[in-house]
Amino acid sequence: MGRIALSPADHRLAFALLGAVALVPLGVQSEYWLGVLITGLYFAMLAQNWNLLAGITGLFSMAPSAFAMVGAYTTGLLSHHLGIGPWVGIPAGAVVSAVVGFGLGRITLRLRGAYLALTTLAFSEILRLVVANSIEWTRGDLGLSVPGILGGAKAPILYLFLGVLAAYQVLLMLLLRSRVGLFLLAIRDDEVGAVARGVDVVRYKTLAFTLSAAGCGIAGALFVHFLQLASPELGLILQTGLVISMVVIGGMGTATGPLVGALLVQVASEALREVGVRHLLVFSALVILVGRFFREGLMGLLARRRSPARLVARPASDAKRLA
Amino acid sequence: MSAALLALSGLRKSFGGILAVADVTLAIAPGELVGLIGPNGSGKTTLLNLITGFYPPEHGRVRLLDRDVSGQPPDAIFRAGLTRMFQQVRVFRRLTALQNLEVAGRAAGLSAAAARQRAGRLLERLGLAPHAGDEVGALSGGQQKLVEFGGCFMSEPRLVVLDEPFAAIHPTVKQVMVDVIGERHAAGQAFLVVSHDIPAIMRLCPRTVCMNAGAVIADGPTEQVMTDRGVVEAYLGGHAR
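Parameters at a glance
- Residues numbered from 1 in each chain as written.
- Chains lettered and ligands numbered in written order.
- Predicted model: local features only at pLDDT ≥ 70, side-chain atom pairs only at ≥ 80, totals over all residues.
- Helix = DSSP H or I, 4+ residues; strand = E, 2+ residues; numbered from the N terminus.
- Rg over C-alpha atoms; globule rule 2.2 N^0.38 Å.
- Buried ≥ 20, exposed ≤ 12 C-beta atoms within 10 Å, placed from the backbone.
- Contact = placed C-beta atoms within 7 Å.
- Pairing = 2+ DSSP bridges.
- Axes fitted to C-alpha atoms, helices over the stretch in contact; angles between N-to-C directions.
- Expected span 1.5 Å × (residues − 1).
- Arc of directions from axis to C-beta.
- Core = buried A, V, L, I, M, F, W, Y, C linked by C-beta atoms within 7 Å.
- Parallel < 35°, antiparallel > 145°, perpendicular 65-115°, else oblique.
- Left-handed = near helix turned anticlockwise from the far one by under 90°.
- Nonpolar A, V, L, I, M, F, W, Y, C, P; charged D, E, K, R; others polar.
- pLDDT = per-residue confidence, 0-100.

### Re the overall build of chain B
Reasoning step 1: Within chain B one finds 9 helices and 10 strands.
Reasoning step 2: For chain B, whose C-alpha radius of gyration is 18 Å, the value lies close to the compact-globule estimate of 18 Å for 241 residues.
Reasoning step 3: Each principal axis of the C-alpha atoms in chain B carries an extent, and together these give about 55 × 40 × 35 Å.
Reasoning step 4: Here chain B holds 241 residues, and 51% of them are scored as buried.
Reasoning step 5: Within chain B, contacts between residues at least 6 apart in sequence are counted, and of these 64% link residues at least 24 apart.

In structure tokens form, the structure reads like this:
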């Protein structure tokens, strides 16, 4: 049986989805719902970057929101204390997140499964507490006010976020076509087998950690300039939980799944806002059900319903490559 | 006399109080096909783990083509020219058969096109060409073993180490492996084959090494080793006649 995961059809679907989101501002004028959508795109960025680690490299990190917070506070501190603008602060956020990701990747690269998850969870919480308690620098829970971008207009910000997501998607596609992508997938499936076949597992796991951290850092930095506030809440474990739910529900290890999951969960969260945090119980139950019965999430379900010949391109393309 | 391809000197490894490999000294010449036998727990797989970099030796050296590779990681030893097939099948289940082979080729520095071409040829030889585009997790256990076996030849290694390649597979799959080993050996490829399949070792390997309790107890022409009193006693117990 073939699969949709990371097939050319999967990538096309991801771009089609981003294209569809680009049409939303033409029909939806509500500033509120555009804001919800922008927040969904922020989570989609985190979801894509967490998927690079968990779904593609097999590293179950609990730190995506922590790296977003690193990016957010890098630009926030630069702007608050030094008056440096967002267009310098956002790339700086990516660089600082990448450096922290590289460090964490090196420290934790011998850990797998629950041990890696627990270590990154501890890192996230420690970082959040440090940020929340460094009041003279960060103003603690009050947060740092940071300047807006693009005049604060929702539609241009939405297109900026979409552009960044599209760039992530292109980078993911190029990565997967390269030998680096092949090695990451091999590490995910069998780390011992990969190292025995000459893959420098230490180097490629660190690379995945660094890239994912940089991606989350950009997302966090962009998001605080949209919110015009950097607060320690960005690094809450709850946020990481949401990112994991989004990827698992949408389809871990697929290109489109994290986008679908992020948008669906974010819109559903807003729609269910009145029931309070109880809606998280629904997401938790969904994650358990999807993890148990539909390992490729909604994308896997879609692949089962559609003709394999249309959606499952990898085996066919491999046969062509051999011919 | 040609220089040794693989030279082990005084290799030792213990786990807690148990000496798994006890000062093993052994050499394999270029192009040699050597069988490694011994009862369960005799230290064969531990020795392979020391050779291929999965365990660092407590004592002793591993030299590959006159280069000291002791304690180097497995990927560095792969690049130095030594590939390995595991006792428990190790494949990339969600990658296709073609991609499984390409991993080793790309890691060895082949271009994408060269790796694909070589992988295609190997799959063809192993009778797996119709499954080139199939996910390996969906293949049978024997086919998965063949995929892993094929991966050993992607980098044109100097020495291929096979750990129980014939265990739990259909005779037709075994025959494919035996034929490929024979062909490659005839072309100058060196092998170290660990197996409990004594008839296969007798048919394939001109030289056999036998281990017991972590030490080499016999090393020489296969027929001679098979009739060695120490080897017979190791397999059948101390009172064998």
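Having seen the model, we can carry on.
### Concerning the overall build of chain A
Reasoning step 1: Within chain A, the regular secondary structure consists of 16 helices and 2 strands.
Reasoning step 2: Against the compact-globule benchmark of 20 Å for 323 residues, chain A has a radius of gyration of 19 Å, which places it among compact chains.
Reasoning step 3: The dimensions of chain A, computed from C-alpha atoms along their principal axes, are 60 × 45 × 35 Å.
Reasoning step 4: Counting across all 323 residues of chain A, residues that qualify as buried make up 52%.
Reasoning step 5: A sequence separation of at least 24 residues applies to 78% of the contacts in chain A between residues at least 6 apart.

### Topic: the sheet that holds strand β2 (residues 18-28) of chain B
Where strands meet in a sheet, backbone hydrogen bonds hold them as pairs that are either parallel or antiparallel.
Reasoning step 1: Taking strand neighbours across the sheet as the criterion, the 4 strands line up as β2-β1-β4-β5 (chain B) in an open arrangement whose pairing is antiparallel. Two strands close off the open sheet at either side, each with one partner strand: β2 and β5 (67-68) of chain B.

### Section: the sheet that holds strand β7 (residues 159-163) of chain B
Residue and element names in this part refer to chain B.
Reasoning step 1: An order of β6-β7-β8-β3-β9-β10 is seen for the 6 strands of this open sheet, with the pairing classed as mixed. Here the strands that pair on one side only, and so sit at the sheet edges, are β6 (82-85) and β10 (215-221). In this sheet, neighbouring strand axes are inclined to one another by 15° on average, regardless of whether the strands run parallel or antiparallel.
Reasoning step 2: Bridge count for strand β3 (residues 33-37) against strand β8 (residues 190-194) is 4 bridges, and the pairing is parallel. Considered in β8, the bridge of Leu36 is made with Val194.
Reasoning step 3: Of the strands in this sheet, β3, β6, β7, β8 and β9 (207-212) touch helix α1 (residues 44-51), which is tilted by about 145° from β7.

### Overview of helix α5 (residues 113-133) of chain A
Residue and element names in this part refer to chain A.
Reasoning step 1: Its 21 residues place the ends of α5 30 Å apart at the C-alpha level, agreeing with the 30 Å of an ideal helix rising 1.5 Å per residue.
Reasoning step 2: Of all the positions in α5, only Leu116, Thr120, Phe123, Ser124, Leu127, Arg128 and Val131 are classed as buried. The arc that holds every buried residue of α5, seen down its axis, measures 125°, which confines them to one face. Among the exposed residues of α5, those pointing more than 90 degrees away from its buried face are Ala114, Tyr115, Ala122, Ile126, Leu129 and Asn133.

### A closer look at the environment of Glu136 of chain A
Residues and elements named next belong to chain A.
Reasoning step 1: With respect to the helices and strands, the residue Glu136 is situated in helix α6 (residues 135-138).
Reasoning step 2: Its 6 C-beta neighbours within 10 Å are what place Glu136 among the exposed residues.
Reasoning step 3: Taking the C-alpha atoms as reference, Glu136 lies 46 Å from Met299; in sequence the two are 163 residues apart.

### Examining the interface of chain B and chain A
Reasoning step 1: Of the residues lining the interface, 32 residues belong to chain B; the matching set on chain A comes to 26 residues.
Reasoning step 2: Elements with a contribution of two residues or more to the side of chain B that touches chain A: α2 (74-79), α3 (97-107) and α4 (112-125) of chain B.

### Digging into unusual backbone geometry
Reasoning step 1: Located in the positive-phi region is Gln228 of chain A, a residue other than glycine, with phi close to 65°.
Reasoning step 2: Take Gln228 of chain A: it is sitting in the loop between α10 (201-227) and β2 (229-230).
Reasoning step 3: Residue class for Gln228 of chain A comes out partly exposed when judged on the 14 C-beta atoms lying within 10 Å of it.
Reasoning step 4: Its identity is not glycine, yet Asp23 of chain B carries a phi of approximately 50°, on the positive side.

### As for α1 of chain B
Reasoning step 1: Judged by how many residues are buried, α1 of chain B sits mostly within the fold: 8 of 8 residues are covered.
Reasoning step 2: Inspection of α1 of chain B places Lys44, Thr45, Thr46, Leu47, Leu48, Asn49, Leu50 and Ile51 of chain B among the buried residues, and these make up the whole buried set.

### A few points about the environment of Phe43 of chain A
Residue and element names in this part refer to chain A.
Reasoning step 1: Summarising the element assignment, Phe43 is placed in helix α2 (residues 31-57).
Reasoning step 2: Note: C-alpha distance between Phe43 and Gly89 (46 residues apart in sequence) is 20 Å.
Reasoning step 3: In contact with Phe43, other than residues within four places in its own chain, are Leu242, Val243, Met246, Ala262 and Gln266.

### Looking at the nonpolar core
Reasoning step 1: Counting 174 residues, the largest nonpolar core has Leu41, Leu46, Ala186 and Val199 of chain A as the members making the most contacts within it.
Reasoning step 2: The element best represented in this core is α10 of chain A, accounting for 15 residues.

### Some points on the environment of Ala107 of chain B
Reasoning step 1: With respect to the helices and strands, Ala107 of chain B occurs in helix α3.
Reasoning step 2: For Ala107 of chain B and Pro221 of chain B, which are 114 residues apart along the polypeptide, the C-alpha to C-alpha distance reads 36 Å.
Reasoning step 3: The contacts of Ala107 of chain B, once residues within four sequence positions are left out, are Arg197, Gly198 and Val199 of chain A together with Phe78 of chain B.

### Comments concerning the packing of helix α3 (residues 64-82) of chain A against helix α4 (residues 86-108) of chain A
Residues and elements named next belong to chain A.
Reasoning step 1: The N-to-C vectors of α3 and α4 enclose an angle of 140°; their axes lie 8 Å apart at closest approach. In terms of orientation, α3 lies oblique with respect to α4. Here the hand of the crossing between α3 and α4 comes out right-handed. Across the interface between the two elements, Phe67, Val70, Gly71, Ala72, Thr74, Thr75, Leu78 and Ser79 from α3 touch Pro86, Gly89, Ile90, Ala92, Gly93, Ala94, Val96, Ser97, Val100 and Gly101 from α4.
Reasoning step 2: Taken together, the residues of the contact of α3 with α4 sort by class into 10 nonpolar, 8 polar and no charged.

### Some thoughts on the confidence of the model for chain A
Residues and elements named next belong to chain A.
Reasoning step 1: Taken residue by residue, chain A gives an average pLDDT of 89. The fraction at 70 or more is 93%.
Reasoning step 2: Ranking the helices and strands of chain A by mean pLDDT puts helix α8 (residues 179-189) first, with 97, and helix α15 (residues 308-311) last, with 42.
Reasoning step 3: Ignoring residues within four places in sequence, the model shows residues 307-323, a span with pLDDT below 50, making 35 contacts including any to other chains.

### Considering the pairing of β2 of chain B
Residue and element names in this part refer to chain B.
Reasoning step 1: Relative to β2, strand β1 (residues 6-15) is paired through 7 bridges, and the arrangement is antiparallel. Note on β2: the bridge partner recorded for Leu8 is Leu26.
Reasoning step 2: Connecting the antiparallel pair β1 and β2 is a turn made up of 2 residues, with Gly16 showing a positive phi of about 60°.

### Description of the pairing of β9 of chain B
Consecutive side chains along a regular strand alternate between the two faces of the sheet.
Residues and elements named next belong to chain B.
Reasoning step 1: When β3 meets β9, the two strands line up parallel, connected through 4 bridges. Directly across from Val34, in β9, lies its bridge partner Arg207.
Reasoning step 2: Relative to β10, β9 runs antiparallel, the two sharing 6 bridges. Following the sheet pairing, Met211 is matched in β10 by Val216.

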